[in-house]
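Coordinate inspection notes
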Amino acid sequence: MYPIFFRLPGWLPFMGGAPITSFGVFMFLSFLTGGILLRSEMERTGHDPERAWDLVFMGVLGGVIGAKAYYVLLNYEALLADPLSAIFSRGGMVWYGGFAGALLLIVYEIRRRALPLGQMADLCSPTLAIGYAVGRMGCFLVGDDYGRPTDSWVGMAFPQGTPPTRVDVLESYFNVQVDPALVERFGQIVPVHPTQLYEIGMATLIFSVLWKLRVHDHRAGWLWWICLTLLSVERFLVEFVRVKDDRFFGPLTLAQGIAILLVLVGLWGVRRFWSPGAKPGAGEPKGVAA
């Protein structure tokens, strides 16, 4: 894995020697990819394409704040022990917190700019899916958010992961009992499910579906509810093989509980906004979308 691509030259003031991490690079590429795609879609539908970068900025700001806030709430012991480290450390970013924070600020920006909310939601949907796929590549390269130990042919070890897939780490940090047969076969660094790659594949497939459906004749906002439903199903499924220590609902994790709720909300929205033949849809030009 490549947690650090390179370090900045030592002679640079303030930032000399600072690492350029793979996670940070792909976070940047995630928002850049989404921004370029959204800009193209806004131009296609007759909106000022530069407004796309305003929405992306709000997504970055809300995503970082929300992801960190969610993590801090889940790990309040660390917050009480060392507040500054818990809040300002590079680690500790949770997807659902970032999603909620980004959503709130993007909706605020859409309303502030008097843009059509339903149409903007549809235009943002494919960009959200592909941005998620790109961002997960950063998790893969840094060795984070991996799955449970496995002897399957798809298994991969992360000896320098965050944290590494060492037996003692998996058992103490994640409360996962590693099969002694795995230890005998692979040693102290065991392979795990590369759930980051699973998510990249599923998110890319979801993007393909949303991209094909982006010009539709249902009520504006219909594509957004499909996006919410599919991404929630994806997260629900991958959590079964994620290495987690928050399985509060029997075999289900907290993220799966949230995913179930979002799937139900998403299906309600798909049904509510389903209106064949209704105009305008997400692909209609500016001025005719509600």
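Quick look at the structure, then. (Residues numbered from 1 in each chain as written. Predicted model: local features only at pLDDT ≥ 70, side-chain atom pairs only at ≥ 80, totals over all residues. Heavy atoms only, no water.)

1. Describing the overall build of the protein chain
Along the protein chain, the regular secondary structure elements total 11 helices and 2 strands. In the protein chain, the order of α-helices and β-strands from amino to carboxyl end is β-β-α-α-α-α-α-α-α-α-α-α-α. With 290 residues in all, the protein chain has 46% of them scored as buried. Of the roughly 14,800 Å² of accessible surface on the protein chain, 68% is carried by carbon and sulfur atoms. (Helix = DSSP H or I, 4+ residues; strand = E, 2+ residues; numbered from the N terminus. Buried < 20%, exposed > 50% of the residue type's maximum accessible area, 1.4 Å probe, protein only. Areas by Shrake-Rupley, 256 points an atom, 1.4 Å probe, with all protein chains shown as cover.)

2. Concerning the nonpolar core
In this structure, Tyr96, Leu210 and Trp225 are the most contacted members of the largest nonpolar core, which totals 28 residues. Of all elements in the fold, only helix 5 (95–112), helix 6 (117–142), helix 9 (195–213), helix 10 (222–238) and helix 11 (254–273) reach the threshold of two or more residues within this core. Sorting elements by how many residues they give to this core places helix 10 first, with 8 residues. Residue contacts for Trp225: discarding those within four places in its chain leaves Val265, Gly266, Trp268, Gly269, Val270 and Phe273. (Core = buried A, V, L, I, M, F, W, Y, C linked by side-chain atoms within 4.5 Å. Contact = heavy atoms within 4.5 Å.)

3. Overview of the packing of helix 6 against helix 10
As a packed pair, helix 6 and helix 10 sit with axes 7 Å apart at the nearest point and diverge in direction by 25°. Classed by the angle they form, the pair helix 6 and helix 10 counts as roughly parallel. By crossing handedness, the relation of helix 6 to helix 10 is classed as left-handed. On helix 10, the residues that touch Ala121, Asp122, Ser125, Pro126, Leu128, Tyr132 and Arg136 of helix 6 are Trp222, Leu223, Trp224, Cys227, Leu231, Glu234 and Arg235. Considered class by class, the residues forming the contact of helix 6 with helix 10 number 9 nonpolar, 1 polar and 4 charged. (Axes fitted to C-alpha atoms, helices over the stretch in contact; angles between N-to-C directions. Parallel < 35°, antiparallel > 145°, perpendicular 65-115°, else oblique. Left-handed = near helix turned anticlockwise from the far one by under 90°. Nonpolar A, V, L, I, M, F, W, Y, C, P; charged D, E, K, R; others polar.)

4. Section: the packing of aromatic side chains
Inspection of every chain in the model, using the stated rule, returns 10 aromatic pairs. A ring pair is formed by Tyr173 and Phe174, whose centres lie 4.8 Å apart and whose planes are at 80°; its orientation type is edge-to-face. Here Phe174 falls in the buried class, since its relative accessible area comes to 11%. Measuring from centroid to centroid gives 5.9 Å for Trp225 and Trp268, while their planes differ by 90°, and the two rings are edge-to-face. (Phe/Tyr/Trp six-rings, centres within 6.5 Å; stacked < 30°, edge-to-face > 60°.)

5. A look at the side chain of His216
The residue His216 is located in the loop between helix 9 and helix 10 in this model. At 3.1 Å, the side chain of His216 forms a polar contact with the backbone nitrogen of His218. (Polar contact = N/O pair within 3.5 Å; in protein donor to acceptor, adjacent residues only side chain to side chain.)

6. Some thoughts on helix 5
Over its 18 residues, helix 5 runs 25 Å from end to end, which matches the ideal 26 Å to within 8%, given 1.5 Å per residue. Among the residues of helix 5, those classed as buried are Tyr96, Gly97, Gly98, Phe99, Gly101, Ala102, Ile106, Glu109 and Ile110. Of the surrounding elements, those touching the buried residues of helix 5 are helix 2 (51–74), helix 6, helix 10 and helix 11. (Expected span 1.5 Å × (residues − 1).)

7. Looking at the state of the cysteines
Enumeration according to the criterion identifies 0 disulfides in this entry. In this model Cys227 remains outside any disulfide bridge; the closest cysteine sulfur is found in Cys124, 9.5 Å from its own. (Disulfide = S-S within 2.5 Å.)

8. A closer look at the pattern of salt bridges
Scanning the model with the defined rule gives 15 salt bridges in all. Where Glu50 meets Arg39, a salt bridge forms, and the shortest distance between an N and an O atom there is 2.6 Å. A residue pair is termed long-range when its members are at least 10 positions apart, and Glu50 in the loop between helix 1 (22–44) and helix 2 and Arg39 in helix 1 qualify at 11 residues. Residue Arg39 is classed as partly exposed on the basis of its relative accessible area, which comes to 27%. A salt bridge links Asp168 to Arg166; its shortest N-O distance comes to 2.9 Å. Of the residues examined, Asp168 reaches a relative accessible area of 39% and is grouped as partly exposed. Connected through shared salt-bridge partners, Arg136, Asp145, Glu199, Arg235, Glu239, Arg242 and Lys244 make up one network. (Salt bridge = Lys/Arg side-chain N within 4 Å of Asp/Glu carboxyl O.)

9. What to know about unusual backbone geometry
Here Thr162 and Pro163 are connected by a cis peptide whose omega angle stands at 5°. Among the structural elements, Pro163 can be located in the loop between helix 6 and helix 7 (167–173). Despite not being glycine, Asp145 has its phi angle at roughly 55°, a positive value. Residue position: Asp145 is located in the loop between helix 6 and helix 7. Even without glycine at this site, Asn175 takes up a positive phi of about 55°. Note on placement: Asn175 falls in the loop between helix 7 and helix 8 (180–186).

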